[in-house]
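# Overview (structure and organization)
Each chain, letter by letter, is given below.
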Amino acid sequence: MRKLILSAALVAASVFGMAAVQAAEPATAGKEYIELSNPVPVSVPGKIEVVELFWYGCPHCYHFEPVVNPWVDKLPKDVNFKRVPAMFGGPWDAHGQMFLTLEAMGVEHAVHNAVFDAIQNKRMRLTDPKDMADFLATQGVDKDKFLATFNSFAIKGQVNQAKELAKKYEITGVPSMVVNGKYRFDLGTAQGPEGVLNVADQLIAKERAAK
């Protein structure tokens with residue numbers, strides 16, 4: 001687990017302050033981002049897709065939230081943003097299945113920050129479905145409906161799809177971003193959170209111009 005977020009951990013302390021300085025530099029393939037050899041189909045044809053792969057247990061993902069959320073709110077209509085939970089076993093899988101369940105219930109947006117806060121600041125593990133349901137009930141989520149959805153065949157199918165996506169994106173750490181199923185980058189390659197958004201903006205423009 002630690003190896004999966006090691007790259008972000010090593011650069012976090014040094015790159016957060018460097019991002020603003022390097023934000024204006026043009027992004028280069030093989031440096032700020034990786035061009036995937038096998039592009040992955042987007043979920044909404046006709047739109048430019050931006051995917052953020054994350055884990056509720058990742059502190060770097062948690063600190064990226066206040067940076068990425070305002071950016072997402074201002075994305076133009078031709079851009080589709082989606083979060084995909086990275087699942088590499090253990091708590092990664094439990095948290096990823098919880099996210100997909102909340103998304104299927106239509107309440108993910110309302111409780112996303114609360115779940116992050118519970119795991120990162122309140123040190124709640126939230127790896128057992130019953131513990132998840134008890135906590136989410138304090139946020140207004142119906143316990144029985146959550147558990148039924150969590151254990152449903154549909155969610156298990158979505159879990160498998162998310163794992164396949166992570167493999168196709170060839171991610172090695174989180175948070176990672178993928179634009180239009182073609183370009184992957186993270187805090188390390190893009191030199192911090194602001195750098196990530198700068199690279200995303202450039203690649204969105206690149207894909208828009210290619211249409």
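It should be noted that the structure appears before, not after, this text.
This text gives an overview of the structure that appears in the document. Computed from a predicted model, the values in this text were never measured in an experiment.

### Regarding helix α7 (residues 143-150)
Looking only at α7, the buried set comprises Phe146, Thr149 and Phe150. Viewed along the axis of α7, the buried residues span an arc of 100°, placing them on a single side of the element. Summarising the geometry of α7, the exposed residues directed more than 90 degrees from the buried face are Asp144 and Ala148. For α7, the secondary structure elements touched by its buried residues are α4 (91-105), α6 (129-137) and α8 (153-169). Structurally, the start of α7 carries an N-cap: the backbone nitrogen of Asp144 is 3.2 Å from a side-chain oxygen of Asp142.

### Focus: the sheet that holds strand β1 (residues 34-35)
In space, the five strands of this open sheet follow the order β1-β5-β4-β2-β3, with mixed pairing throughout. With partners counted over all chains shown, the strands left at the sheet margins are β1 and β3 (79-85), one partner each. Here four bridges tie strand β2 (residues 48-54) to strand β4 (residues 176-179), and the two strands are oriented antiparallel to one another. The partner of Val51 across the bridge, within β4, is Val178.

### A word on the packing of α4 against α8
Where α4 meets α8, the axes come as close as 10 Å, and the angle between the chain directions of the two elements is 120°. As judged from the angle between their axes, α4 and α8 are oblique. The two elements α4 and α8 meet at a crossing, and its hand is right-handed. Along the contact surface, α4 presents Asp93, Gln97, Leu100, Thr101 and Ala104, while α8 presents Ile155, Gln158, Val159, Ala162 and Lys163. Residues belonging to the contact of α4 with α8 are distributed by class as follows: five nonpolar, three polar and two charged.

### Here we look at the pairing of β3
Most of β3 is tucked away, with six of its seven residues classed as buried. One ladder, built from seven bridges, connects β2 with β3; its direction is parallel. Bridging across to β3, Phe54 finds its partner in Pro85. Each parallel crossover has a hand, and the one from β2 via helix α3 (residues 59-73) to β3 is right-handed.

### Focus: the nonpolar core
Ranked by size, the top nonpolar core spans 42 residues in total, and within it Met98, Val115, Leu136, Phe146 and Tyr169 carry the most contacts. Put simply, the parts of the chain that give this core at least two residues each are β2, α4, α5 (108-120), α6, α7 and α8. In terms of residue count, the dominant contributor to this core is α4 (seven residues). Excluding anything up to four places from it in sequence, Phe146 contacts Met98, Thr101, Leu102, Met105, Pro129, Met132, Ala133, Leu136 and Val141. Counting residues in each nonpolar core, the second largest holds 22 residues, with Val50, Val68, Leu75 and Phe185 among its members.

### Observations regarding the layout of surface pockets
Of the pockets and cavities examined, the largest pocket occupies roughly 260 Å³. Lining the largest pocket we find 15 residues, and of these Lys82, Val84, Gln161, Ala162 and Leu165 sit closest to its centre. Listing elements by their share of the lining of the largest pocket, those giving two or more residues are β3, α4 and α8. Considering every element that reaches the lining of the largest pocket, the biggest residue donor is α8, with six residues. Along the lines of polarity and charge, the residues of the lining of the largest pocket split into seven nonpolar, three polar and five charged.

### Thoughts on the pattern of salt bridges
The final tally for this structure, using the stated rule, is nine salt bridges. Salt-bridge contacts for Lys31 lead to Glu32; the nearest nitrogen and oxygen are separated by 3.9 Å. As a salt-bridge pair, Glu65 and Arg83 come within 3.2 Å of each other at their nearest N and O atoms. Pair noted here: Glu65 is in helix α3 and Arg83 is in strand β3, with a separation of 18 residues, a long-range link. Assigned by exposure class, Glu65 and Arg83 land together as buried.

Parameters at a glance
Residues numbered from 1 in each chain as written. Predicted model: local features only at pLDDT ≥ 70, side-chain atom pairs only at ≥ 80, totals over all residues. Heavy atoms only, no water. Buried < 20%, exposed > 50% of the residue type's maximum accessible area, 1.4 Å probe, protein only. Helix = DSSP H or I, 4+ residues; strand = E, 2+ residues; numbered from the N terminus. Arc of directions from axis to C-beta. Contact = heavy atoms within 4.5 Å. Polar contact = N/O pair within 3.5 Å; in protein donor to acceptor, adjacent residues only side chain to side chain. Pairing = 2+ DSSP bridges. Axes fitted to C-alpha atoms, helices over the stretch in contact; angles between N-to-C directions. Parallel < 35°, antiparallel > 145°, perpendicular 65-115°, else oblique. Left-handed = near helix turned anticlockwise from the far one by under 90°. Nonpolar A, V, L, I, M, F, W, Y, C, P; charged D, E, K, R; others polar. Right-handed = clockwise from strand over helix to strand, strands pointing away. Core = buried A, V, L, I, M, F, W, Y, C linked by side-chain atoms within 4.5 Å. 1 Å grid on protein atoms, 1.4 Å probe; cavity = no way out; pocket = protein on both sides within 12 Å on 5 of 7 lines; lining within 4 Å. Points joined across faces, edges and corners; volume = space filled by probe spheres on them. Salt bridge = Lys/Arg side-chain N within 4 Å of Asp/Glu carboxyl O.

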